[in-house]
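So the chains spell out like this:
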Amino acid sequence: MNTTQTTDKAEYTVKKEPQPAYPSSSPILLHACCAPCAAPSVERLLENGQAAVLFYSNSNIYPYEEYLKRLSHVRRLADFFTVDVIEDTWDHDAWLKAVRGLENEPEGGKRCQVCFAFNLARTRKKADELNLELFTTTLTLSPHKNSPAIFSIGNRLGGFLKENFKKKDGFRRSLQLSKELNLYRQSYCGCEFSMRNTLPNSKNSGYLSDSQSSPDSGNSPDSQSV
Ligand code: SF4
């Protein structure tokens, strides 16, 4: 059975496919977009008895100094939770080629879907190389990211665990862990095109604002908008 979920931005059909066996006997490859999103995601997987390896694959992030800064904080949380981090190649030219023609799309639009697909395809490939059954992504924790769109892309790749890390107060836990671990909270999504949404005098709390809510955080019993 399929269900259609509509948001302000777009409509996505999410197939009701059976979840892969979870927890898996082998570690899950967790695509980590940034430390504030990765921290509560790793915590949840570990609490569920699922070992995890972080995969930092973010060719979308610009400039390179910003990419490195986010990576250093991902390493910090990985040390805290005693999990490994694998860094992908930063291939921003390939990413720019993938989103060509979509530069002026608004955040949450078609460029972002291509961006999700770019990073998730690389994560799927890495999982295959490492002989890991499952992969998923911390992208679903962000209030700015549409989880049904991410699930749709992940389902097409196969071996994808549909975990919406926003649920069960995920974003609130992100705020707590970011404070406790002194994690860097960026002021824009990542690419040069998302910088234009950044206020000139914004501090690092601007993008991951404490009061953000998301299109799919919902009011379901196991979730709350924060
Ligand atoms: S705004 Fe964020 S998700 Fe969208 S294309 Fe840029 S980096 Fe990717």
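Our structure is the block above this text.
Being a predicted model, the structure only gives us computed values, none of them experimental. (Residues numbered from 1 in each chain as written. Predicted model: local features only at pLDDT ≥ 70, side-chain atom pairs only at ≥ 80, totals over all residues.)

Caption draft 1: The overall build of the chain, seen in detail. Counting secondary structure elements, the chain contains six helices and six strands. In the chain, the succession of α and β elements from N to C terminus is β-β-β-α-β-α-β-α-α-β-α-α. Here the chain, with 226 residues, has 42% of them falling under the buried criterion. The long-range fraction of contacts in the chain, counting pairs at least 24 apart against all pairs at least 6 apart in sequence, stands at 71%. (Helix = DSSP H or I, 4+ residues; strand = E, 2+ residues; numbered from the N terminus. Buried ≥ 20, exposed ≤ 12 C-beta atoms within 10 Å, placed from the backbone. Contact = placed C-beta atoms within 7 Å.)

Caption draft 2: Examining the nonpolar core more closely. By size, the foremost hydrophobic cluster in this structure holds 41 residues, and its most contacted members are Leu30, Ala38, Leu54 and Val74. Contacts of Leu30, omitting those with residues within four sequence positions, involve Ser41, Val42, Leu45, Ala52, Val53, Leu54, Phe55, Thr136 and Thr138. Counting residues in each nonpolar core, the second largest holds six residues, with Ile61, Tyr188, Cys189 and Phe193 among its members. (Core = buried A, V, L, I, M, F, W, Y, C linked by C-beta atoms within 7 Å.)

Caption draft 3: Main features of the pairing of strand β3 (residues 28-31). Residues of β3 alternate between two faces, with Ile28 and Leu30 on one and Leu29 and His31 on the opposite face, all of them buried. Examined bridge by bridge, β3 and strand β4 (residues 52-56) share four bridges and lie parallel to one another. Note on β4: the bridge partner recorded for His31 is Phe55. Handedness of the crossover joining β3 and β4 through helix α1 (residues 35-47): right-handed. (Pairing = 2+ DSSP bridges. Right-handed = clockwise from strand over helix to strand, strands pointing away.)

Shape is all these values report; function is a separate question.
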